[in-house]
Amino acid sequence: QVPLVESGGRLVQAGGSLGLSCGASGWTLSTYGMGWFRQVPGKEREFVAAISRSGSNTYYSESVKGRFTISRDNAKNTMYLQMNSLKPEDTAIYICAARSIALWGAVGVKENEYGFWGQGTRVTVSS
């Protein structure tokens, strides 16, 4: 199991910004495609953003496109999610995920494409 650990979640006002991180101590994240998902208790997990192994390709859900930015620093073994112009509907537990894939440029948008998951970090956006 890849020990993915998210951090950065907190309470923020609508219109504000927040940055999340996902790290994996002891593992080489550059061998994995990465993604962010989010989940509201009682609802299905929702895709947010994905990034290729190289970091050159990214993909976003329509609900966050233009507001969120996914990035990674393979030298630091860390993936990031910068969230701007936050809305109350962005309130959720944000979960990072990793998938073992050979292609440097591929991105995964489906939950079943990922085999490794973190525990999540809670983001609350107040109106």
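Our subject is the structure listed above.
Below is a summary of the structure that appears in this document. Everything quoted here is computed from the prediction, not taken from an experiment.

Calculation criteria
Residues numbered from 1 in each chain as written. Predicted model: local features only at pLDDT ≥ 70, side-chain atom pairs only at ≥ 80, totals over all residues. Heavy atoms only, no water. Phe/Tyr/Trp six-rings, centres within 6.5 Å; stacked < 30°, edge-to-face > 60°. Helix = DSSP H or I, 4+ residues; strand = E, 2+ residues; numbered from the N terminus. Buried < 20%, exposed > 50% of the residue type's maximum accessible area, 1.4 Å probe, protein only. Lys NZ or Arg CZ within 6 Å of the ring centre and 35° of its normal.

### Points about the packing of aromatic side chains
In the structure shown here, the tally under the stated rule is six aromatic pairs. On the basis of an interplanar angle of 35° and a centroid distance of 6.2 Å, the ring pair of Phe47 and Tyr59 is categorised as tilted. Taken together, the residues span a long stretch of sequence, with Phe47 in strand E5 (residues 46–51) and Tyr59 in strand E6 (residues 58–60) at a distance of 12 residues. Of the residues examined, Phe47 reaches a relative accessible area of 13% and is grouped as buried. The class of Tyr59 is partly exposed, set by a relative accessible area of 43%. Within the aromatic cluster, the residues linked to one another by ring pairs are Phe37, Phe47, Tyr59, Tyr114 and Trp117. Here the basic side chain of Arg45 rests over the ring of Trp117, its NZ or CZ set 4.3 Å away from the ring centre. A cation sits over an aromatic face here: Arg99 above Tyr114, 6.0 Å from the ring centre.

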